[in-house]
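Notes for the structure review
Each chain, letter by letter, is given below.
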Amino acid sequence: MADGIVASAVATAIGGSTAILLAATGELLVEKVGVYNIALEGVMLVGALSGLIADVNTGSWVIGLLVGGLFGALFALCFGLITVVLRTDMIVVGVALIFVALGITDVVGSKYVGVSVPDPIPKLPIPGLSSLPFFGSAIFSQSLITYLAAALPFGVAFLLSRTRHGLNMRALGENPHAADTAGIPVVGWRLFYVAVGGAFGGIGGAVLTLGIIGAWITNVTAGQGWIAFAIVFFSGWRPLGVLLGAYFFGALSVLGTVGQVEGWDLPSEVFTVLPYVGTVAVMIIRAWSQRRRGGISWPAALGLPFYRG
Amino acid sequence: MEPAALAGTQSGTSHASALDLRFMVKRFGAVTAVNDVNLAFSAGEVHALLGENGAGKSTLMNLAAGFLAPDQGEIWVGGRQVRFGSPRDALAVGIGMVHQHFRLVDAFTVAENLAIGADDVSPRTSSRQLNKRADLIAEQFGMPVQSARLVGTLSVGEKQRVEILRTLSRGTRVLILDEPTAVLTPEESEGLCENLRQMAAQGTCIIFISHKLKEVLSVADRISVMRKGNLHATVPREGCDVVSLSRMMFDDVSDEFASVALTPYDGARSDVVVVEDLVCSDDRGAAALRGVSFTVRDHEVLGVVGVAGNGQQELEQVITGLRQADSGTVRIGGEPVRDVRSAMGAGLAHIPEDRMGSGLVGSQPIWRNAIMRNYRTAPVTQGGVIRAKVARAYAADLADRVDLSTRDVGVLVQHLSGGNAQKLLVGREFDGDRRAVVAVNPTQGLDVKAATTVRTRLLEARDRGLAVLLISADLDEVLTLSDRVVVIYEGRIVGEFTDAASHRDVIGRYMGGGHLSAESPGTSDSDSGATDDSD
Amino acid sequence: MTATDRAATPAARTRKGILPWRIERRPDPDRIGVYRLVAVLVGLAISLIVAPILSGVPVGDFYKAIWTGTIGTALGWSNVLTIAIPLTLAGLAAAIPYRLSLWNVGIDGQMLMGAWAATGVGLWLPNAPGPLLILVMIIAGLIAGALWIVIPTWARVAFGVSEVITTFLLNFVAVAWLVYWCTGPWRAPGVAGGIRAAQVPEQSWLPMLDIHGAQVNLGIVLVPLLPVAFWAYSRFTRRGYEVTMLGANPQAGGYAGMRVKRHLITAMLMGGAIAGLAGAINMLGTSHELSPGLTYNTGFNGLVVAVLAGANELGVLALSAVYSLLLAGGGSLGIIGVSSDLVFAIIGVTLVFGSLGEAYARLRLVRTTPRGASSPTAPPPSITPSLPGSTESEGAS
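Quick caveat: nothing in here was measured; it's all calculated off a predicted structure.

As for the overall build of chain A
Regarding its fold elements, chain A presents 13 helices and zero strands. Start at the N end of chain A and walk to the C end: the helices and strands fall as α-α-α-α-α-α-α-α-α-α-α-α-α. Computed over its C-alpha atoms, the radius of gyration of chain A comes to 19 Å, within 12% of the 19 Å expected for a compact globule of 309 residues. In terms of overall dimensions, chain A has a C-alpha envelope of 65 × 50 × 40 Å along the principal axes. For chain A, the proportion of its 309 residues judged to be buried stands at 59%. Relative to all contacts within chain A whose residues are 6 or more apart in sequence, the contacts with residues 24 or more apart total 76%. Counting every atom, chain A has about 11,400 Å² of accessible surface; 70% of that belongs to carbon and sulfur.

Spelled out as structure tokens, the structure:
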């Protein structure tokens, strides 16, 4: 039944977007305080492997996710210390740390290739909602972490726009000199949010190995960190834009499966490239429309090193 | 009680030093910016810190407010020694600083800016709540603001009020202001000084950094003069005048810029730079020039004055070909300006405001900077190849003619002092067949000697027959150097003055939009000395 | 305020948790390149000491494998030289845009597209004479590489879209494109295992040279040639002068009438073209067939080389040599059962160290708690009274 295929594709799209959604939401927080962690791909790799190792050794997916988040945060903190504290180039250090993550996870992870996860993240159908017709079971039979990830952007939106702390955060990204003059510790908070973003990225990586893919393979993220990074640009630095963006890319990536089943006469590679081409296209369209409207939407001090005095 | 404390304090509210700086030393590389300075400030006084550019005033105050850490020295506040890890620590003991370049978030409202980093805002906020808080603060300190406006849309004077309010609202007892009047109209400056005196009367210690003698004399209770990183003297205002203060500021009073003067020119003049009905928008797409027309003739300096941000930058960029106008034309010697190269080809020299940012390449040697205008053609380039020997010889010759501090043209430009960098830039721009000059704040940040050199070079250029367009925020400089002065306000030329020096007050009013309330530009001709555009 | 009051409060009031140091910029950063290079070498040394321990093999075996895989044997030399060809070209492909602060993070994709175009020409003209065929294939590679960077370049110049993300994401598109051609129209007939296209005609294979026993393809001549040529171009020509000035200060260049956008576009397209060349040469010289795994992160390694060389072309040449040794050594670790991806971690670490070296050159530490007065027990000299008009200097120590 074609309908069944579409429903399962929707389920896969939503579930499969979880890792990207978590990582992108974390990255949004980082960018709101004026830093971009381009090493997000590496953060996710570290989280993916450390989460898997924790699950294999403890048999608990919860511990797996927490450990993935912890190591993601620590790895991101390395990035933060080198770039935020020492004011080095974020792109150079980001690329370097992706290399480090790629190399180290490959060496350490070689022992875990082919090991099955003892306790994968379970699905948690919501009673009632999951038996709704059409997409009820597709949308409401996800894992707990998928629900949480979907709620996260709403929480971030509240934090940023309705709280005193969110105001201070945005000030850090808009003009760190203003924040500094008003007594907000610029470097401290930036480091903190780099770590928080890293934790989300790490959990996202762990969701990949413990849920979506269910195993460790070399370079398991395959560019998902970069897509998450691009989604933040795509979102116009708005939390709900991140949510939409992540699901949009999830949908693009399952189109191939749908196409195959529906018998669309297209090579499968077309669907493979859709998320990447889509990201590039959307970035250009966004920039173009912004150029026409005038004004910018990104945090004004994004990526600029902060020197006092 | 040591005799020291007897001096100066006159308000009588307290004998305690609100802020006491001892043995302060700050070095930047080989330069000692602040050299063993001891200085105490009392509550309830307006204390002016006077000195020329580079004397160390701002550095000293950045140390006092926690923005920089001293290499040596102690900071005492209210009888206790304090140490600052950041401006936060200074705020905690009541020391706040308002910088020359405002530290506000343009994308935030006034109320939001006032709430940044404030502890008395409730953790869960709303814009209504923040606006109410901002109104209360404004009321408390008697400085009205529009709480819900975006700061990016405010005038410079309003931004400054927000910044001062933010500092005061944190319980500041020592308020430091770095060159606060540099960006204000004369009227706004007076209003600010009035406010400062009131705050002092209520017990706040006001530290007022300035290099303007008259202003200091009108507002300060005590005046400290800094010279080359050293504290030269601290004196009460009574008994001081411009002459005695300038003697303290400078080694040699004859260096003061009164020494350059226009020589009258009686020959016939013709139009060189013709600007017609320029309309153009700024980077954000907002209207910046709304129909600007004027001409600059040979043997003439035309001064353009106005408060920063009224279209001066766009005017400069359109005339030099850096920005495309939406409509209107610029001609130099009859040739239309389409881009930078056509402007240069027409014989336009350009001295941009930010010499190290826009005029020179600091990380490159003198010789590469010296050929930036003539590298395209022989003899410097032949067959697409730069002949380094020729270029170096040219640069050495230029260095010799403008009297650079070094003749080694391999020295990186970033190692030159501001004065020498400006000499190189002006020399390069003036060397060759030039018909006109656009100079923007050409003496900004220079010490008096270097500034005088630059002013002299501009007047020499005029006497050689060039048409000089001087765009400057420094009203006194414009009045001293210009044959004619036009006032720019909100993208329009709102007044023109031939005998400008005797109409200082009127010009000041026009800079603040005063032509709107006073009299229409048409009728102002007769009583203000303004003339028509046409000759 | 009295002196006794002050004496009663000798201890400084300090906020808890205040850091004893703070970081400031050096006013006059000097010899940044030297610090960076030294730091890279330190990072390399540390990595080479830690790596065998991390990988858990006998230390002796580790170094022996590296030795035989690099300069210890003729085969090792062949490896090093063969790796150096695409790496040097990739380094240039990154360095030329990087001189204008542009990031070419899509070199791998451009290399693949260059190799793809060259393969297409080869399969289309199977009977053309060798030298001519090689020439046409290389030109096709150059063009394809340049075309692959056109969209990021346009997006950057016209709308300010970050080229970092766009160039990078196109790598994935290139891989998918190659998978399509290698599994579809150009599939190698009757070959099992791996996704690869049919071999290109044998007369188009680059001839092999014998350098003191080391075997390497003709492409090796480009390794010294191209960097030196580009270096001379940027150092001596008018256009090179413009790039130097624009790279150091784009605004000043624009104020002097230099055409900024035109230079940006040229640099990006040039980078793409050289990457395409690298891909074509790599295919013609070593594998003789197209496969999506052809580049094996060479583009990223080239980026590392370009950054650490500070975009200097001769620096690219020198550092490519160093990293070719490292990569060849890393590749030989497979023999003793260590994942050859370990070498990526080492490269990443050296790049981090390079950044640290640069930070060391640019920054300095300043004590938050300065050494106090020259004589802390002396009564604190406050302001001394000065009479009006007095020019007496005070406070001299």
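The discussion continues.
Details of the overall build of chain C
The number of helices and strands found in chain C is 15 helices and four strands. The 397 residues of chain C split such that 54% are buried. Sequence separation of at least 24 residues holds for 77% of the intrachain contacts in chain C that already meet a minimum separation of 6. A total of about 17,000 Å² of accessible surface is found on chain C, and carbon and sulfur atoms cover 67% of it.

Structural notes on the packing of aromatic side chains
Applying the stated criterion across every chain, the model contains 28 aromatic pairs over all chains. For the pair C:Trp177 and C:Trp181, a centre-to-centre distance of 5.7 Å together with 65 degrees between the ring planes defines the contact as edge-to-face. Residue C:Trp177 and its partner C:Trp181 are located together in helix α8 (residues 163-183), separated by four residues, close to a single helical turn. Look at C:Trp181 and you get buried, because its relative accessible area is 18%. Here the aromatic residues A:Phe99, A:Trp226, A:Tyr276, C:Phe168, C:Phe172, C:Tyr296, C:Phe300 and C:Phe344 are joined through ring pairs into a cluster of three or more. The ring of A:Tyr307 is capped by A:Arg87, whose NZ or CZ atom sits 5.7 Å from the centre of that ring. A cation over a ring is seen here: C:Arg25 above A:Tyr307, with NZ or CZ 3.9 Å from the ring centre.

Describing the interface of chain C and chain A
With 44 residues of chain C at the contact, the number on the chain A side is 44 residues. A buried area of about 3,800 Å², summed over both sides, lies between chain C and chain A, and 84% of it is on carbon and sulfur atoms. Three residues, C:Phe159, C:Ile165 and C:Leu169, lead the burial of chain C against chain A; their summed loss comes to 16% of the area buried on that side. At the boundary of chain C with chain A, the tally comes to zero salt bridges. Our count for the contact surface shared by chain C and chain A stands at one residue pair in polar contact (both at pLDDT 80 or more). Of all the secondary structure elements, the ones that give two or more residues to the side of chain C that touches chain A are β1 (21-25), α7 (150-159), α8, α13 (298-308) and α15 (342-362) of chain C. Across the side of chain C that touches chain A, the residue classes tally to 33 nonpolar, eight polar and three charged.

Considering the confidence of the model for chain C
All names here are of chain C. When pLDDT is averaged along chain C, the result is 86, and 87% of the positions lie at 70 or above. Confidence drops under pLDDT 50 across residues 1-15; counting only partners more than four residues distant or on other chains, this segment forms 28 contacts. Below a pLDDT of 50 lies the segment residues 372-397, which in the model reaches 47 contacts outside its immediate sequence neighbourhood of four places, other chains included. For this predicted complex, the interface confidence comes out at an ipTM of 0.89, alongside a pTM of 0.87.

As for the nonpolar core
In this structure, B:Ile507 and C:Tyr323 are the most contacted members of the largest nonpolar core, which totals 292 residues. The dominant element in this core, judged by the number of residues it contributes, is helix α5 (residues 90-109) of chain A, at 13 residues. If we ignore the near neighbours within four places in the chain, the residues touching C:Tyr323 are C:Val40, C:Leu87, C:Val304, C:Val305, C:Leu308, C:Ile347 and C:Thr350. Listed in part, the 33 residues of the second largest apolar core include B:Met61, B:Ala90, B:Val93 and B:Met97.

Describing the packing of helix α4 (residues 74-98) of chain C against α13(C)
All names here are of chain C. Running from N to C, α4 and α13 point in directions that differ by 55 degrees, and their axes come no closer than 7 Å. The orientation of α4 with respect to α13, classified from their angle, is oblique. The element α4 and its partner α13 pack so that their crossing is right-handed. Here Pro86, Leu87, Ala90, Gly91, Ala94, Ala95 and Tyr98 of α4 lie close against α13, whose contacting residues are Thr298, Gly299, Asn301, Gly302, Leu303, Val305, Ala306 and Val307. Class assignment of the residues belonging to the contact of α4 with α13 gives a composition of 10 nonpolar, five polar and no charged.

Conventions we followed
- Residues numbered from 1 in each chain as written.
- Chains lettered and ligands numbered in written order.
- Predicted model: local features only at pLDDT ≥ 70, side-chain atom pairs only at ≥ 80, totals over all residues.
- Heavy atoms only, no water.
- Helix = DSSP H or I, 4+ residues; strand = E, 2+ residues; numbered from the N terminus.
- Rg over C-alpha atoms; globule rule 2.2 N^0.38 Å.
- Buried < 20%, exposed > 50% of the residue type's maximum accessible area, 1.4 Å probe, protein only.
- Contact = heavy atoms within 4.5 Å.
- Areas by Shrake-Rupley, 256 points an atom, 1.4 Å probe, with all protein chains shown as cover.
- Phe/Tyr/Trp six-rings, centres within 6.5 Å; stacked < 30°, edge-to-face > 60°.
- Lys NZ or Arg CZ within 6 Å of the ring centre and 35° of its normal.
- Buried area = accessible area lost by both parts, 1.4 Å probe.
- Salt bridge = Lys/Arg side-chain N within 4 Å of Asp/Glu carboxyl O.
- Polar contact = N/O pair within 3.5 Å; in protein donor to acceptor, adjacent residues only side chain to side chain.
- Nonpolar A, V, L, I, M, F, W, Y, C, P; charged D, E, K, R; others polar.
- pLDDT = per-residue confidence, 0-100.
- Core = buried A, V, L, I, M, F, W, Y, C linked by side-chain atoms within 4.5 Å.
- Axes fitted to C-alpha atoms, helices over the stretch in contact; angles between N-to-C directions.
- Parallel < 35°, antiparallel > 145°, perpendicular 65-115°, else oblique.
- Left-handed = near helix turned anticlockwise from the far one by under 90°.

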